[in-house]
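Single-letter residue listing:
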Amino acid sequence: MKKFLTRLLLALCAVATTGLAAAQSYPNKPIRWISPWAPAGGNDVLSRAIGVEISKTLGQPVVVDNKPGASGTIGTDMVAKAAPDGHTITLGSPGTHATALSMVPGLPYDPVKSFTPIVLVGTVPNVLVVPASVPANSVQELIAHLKAKPNSYNFASVGNGSMQHLAGELFKRMAGVEITHVAYKGSAPALQDLVGGRVEMAFESMPTVLPLVRSGKLKALAVTTPKRSSLMPDVPTVAESGLAGFDVTVWYGVFGPAGMPADVTTKLNQAINAALRTPELGLRLRDLGADVAGGTAQELARYQAAESTKWNGFIKEAGIAP
């Protein structure tokens, strides 16, 4: 028994020493940061900005590799199947790490179980906007306008199952209005029809609609996050406008493959948190309409799990088909 305990103690020491050595030597080669979206988009821009900052701290270059396709799930799957040594990571969002479970048939990974959460980077509100021609200057006035003629109005989104679509469906349910979803292939055609008055409302990303709101072509009635945005401090939230509990938050979180060593995860978490505190990265996030988050890996894990449960349950209840 004594020999067995001695061997066990030696084995545990060896494991601990190996893990410590791995953390101390990490990273020992360039970090591949897969952006599962096309270049120049929000995910790509933010990935590159963070990569530049953490490369200074970690002492290795961070190479952003764009792998777009299938609503972001192609590149995300590549990370899920990579070696869990911290040298392959990605910037995830609700579409890749929550709602994909319900909206992507044959999804080749589990949005929660296939990844190691590292850190929540930032949160972004969508904005409830209407054309200047719509006779509503508040959420309650819009609800009254929609109820006056049920099934007569439309709301636009950038695609079926997008957070903009889900925001519209949640609004329909909570406000008790009947409006028709019109899915577009991206923001540009949706906003063109919105400004032209061919659709009556939309929940759109803040950076996209901000110039149109400032020019008076669109009216911003509310933001979808629980708190007001620093970019639109005078615009109330949907929740404080009468629909208590309304929360549709677009978020960005850094993930690696499942099974990453805890010390490596901590080292990445600390590097990214430090980067988020730099003025340069704070400004870049602000340009994207995002509020800086940060925090522990465990906090991201809890947040992601809650978001996955919330939205996949809602998609099922609302009968939203992929």
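Residues numbered from 1 in each chain as written. Predicted model: local features only at pLDDT ≥ 70, side-chain atom pairs only at ≥ 80, totals over all residues. Heavy atoms only, no water.

Helix and strand counts for the chain stand at 12 helices and 10 strands. Expressed along its principal axes, the backbone C-alpha trace of the chain runs to roughly 80 × 40 × 35 Å. For the chain, with 322 residues in total, the buried portion stands at 51%. Just so you have it, the chain exposes about 14,200 Å², and 58% of that area is on carbon and sulfur atoms. A distance of 6 Å separates the average location of the 28 positive side-chain charges in the chain from that of its 22 negative side-chain charges. (Helix = DSSP H or I, 4+ residues; strand = E, 2+ residues; numbered from the N terminus. Buried < 20%, exposed > 50% of the residue type's maximum accessible area, 1.4 Å probe, protein only. Areas by Shrake-Rupley, 256 points an atom, 1.4 Å probe, with all protein chains shown as cover. Lys, Arg positive; Asp, Glu negative; His and termini not counted. Charge placed at Lys NZ, Arg CZ, Asp CG, Glu CD.)

Quick look at the packing of helix α7 (residues 163-175) against helix α12 (residues 297-318) now. What describes two packed helices is the angle between their axes and the distance between those same axes. Two numbers describe how α7 lies on α12: the axes approach to 11 Å, and their chain directions differ by 60 degrees. By the criterion of interaxial angle, the relationship of α7 to α12 is oblique. Between α7 and α12 the crossing geometry is left-handed. Packed against α7, whose contacting residues are Met 163, Leu 166, Glu 169, Leu 170 and Arg 173, the element α12 presents Trp 311, Phe 314, Ile 315, Glu 317 and Ala 318 at the interface. (Axes fitted to C-alpha atoms, helices over the stretch in contact; angles between N-to-C directions. Parallel < 35°, antiparallel > 145°, perpendicular 65-115°, else oblique. Left-handed = near helix turned anticlockwise from the far one by under 90°. Contact = heavy atoms within 4.5 Å.)

Attention shifts here to the packing of aromatic side chains. Per the counting criterion, the structure on display carries seven aromatic pairs. Relative to Phe 255, the ring of Trp 251 has its centre 6.5 Å away and its plane inclined at 50 degrees; by these criteria the two rings are tilted. Here the two residues Trp 251 and Phe 255 agree in accessibility, since each one is buried. Seen in terms of ring centroids, Trp 311 and Phe 314 are 5.7 Å apart; in terms of plane orientation they differ by 85 degrees. Their pairing is edge-to-face. In this pair, Trp 311 and Phe 314 both sit in helix α12, three residues apart, roughly one turn of the helix. Take Phe 314: its relative accessible area is 7%, and that puts it in the buried class. (Phe/Tyr/Trp six-rings, centres within 6.5 Å; stacked < 30°, edge-to-face > 60°.)

In summary, soluble globular proteins display a tendency toward joint burial of nonpolar side chains. With 61 residues, the main nonpolar core has Val 121, Leu 142, Phe 171 and Met 201 as its most contacted residues. Of all hydrophobic cores here, the second largest spans 18 residues; its members include Tyr 184, Leu 194, Ala 202 and Leu 210. (Core = buried A, V, L, I, M, F, W, Y, C linked by side-chain atoms within 4.5 Å.)

Helix length check: helix α2 (residues 42-58), at 17 residues, gives a terminal C-alpha distance of 24 Å against a target of 24 Å (1.5 Å per residue), a fit within 8%. Among the residues making up α2, those that are buried are Asn 43, Asp 44, Leu 46, Ser 47, Ala 49, Ile 50, Gly 51, Glu 53, Ile 54 and Leu 58. Residue Gly 59 follows α2 closely and has a positive phi angle near 75 degrees. (Expected span 1.5 Å × (residues − 1).)

With 22 residues, α12 should cover 32 Å at 1.5 Å per step; its first-to-last C-alpha distance of 31 Å lies within 8% of that length. Residues of α12 that are buried include every one of Ala 297, Leu 300, Gln 304, Glu 307, Ser 308, Trp 311, Asn 312, Phe 314 and Ile 315, and no others. All buried residues of α12 fall inside an arc of 155 degrees around its axis, so they share one side. Exposed residues lying more than 90 degrees from the buried face of α12 are Arg 302, Thr 309, Lys 316 and Glu 317. (Arc of directions from axis to C-beta.)

Another point: the packing of helix α8 (residues 187-195) against helix α9 (residues 206-214). Taken N-terminus to C-terminus, the directions of α8 and α9 make an angle of 25 degrees; their axes are 12 Å apart at the nearest point. Put simply, α8 runs roughly parallel to α9. You can see that α8 and α9 cross each other, and the crossing is right-handed. For the pair formed by α8 and α9, the contact residues are Ser 187, Leu 191 and Val 195 on the first element and Thr 208, Val 209 and Leu 212 on the second. By residue class, the composition of the contact of α8 with α9 is four nonpolar, two polar and no charged. (Nonpolar A, V, L, I, M, F, W, Y, C, P; charged D, E, K, R; others polar.)

For the structure shown, the criterion picks out eight salt bridges. Of the charged contacts, one joins Arg 48 and Asp 44 as a salt bridge, the two residues approaching to 2.8 Å between their closest N and O atoms. Linking Arg 48 with Asp 44, this pair stays in helix α2, spanning four residues, or about one helical turn. Residue Arg 48 is classed as partly exposed on the basis of its relative accessible area, which comes to 37%. With a relative accessible area of 4%, Asp 44 lands in the buried category. A salt bridge links Arg 228 to Glu 240; its shortest N-O distance comes to 3.0 Å. Here Arg 228, found in the loop between β8 (218-223) and β9 (249-257), pairs with Glu 240, found in the loop between β8 and β9; they are 12 residues apart in sequence, far enough to count as distant. On the basis of relative accessibility, which here comes to 38%, the residue Arg 228 falls in the partly exposed class. Given a relative accessible area of 46%, Glu 240 falls into the partly exposed group. (Salt bridge = Lys/Arg side-chain N within 4 Å of Asp/Glu carboxyl O.)

Worth remembering: the numbers are spatial, not functional.
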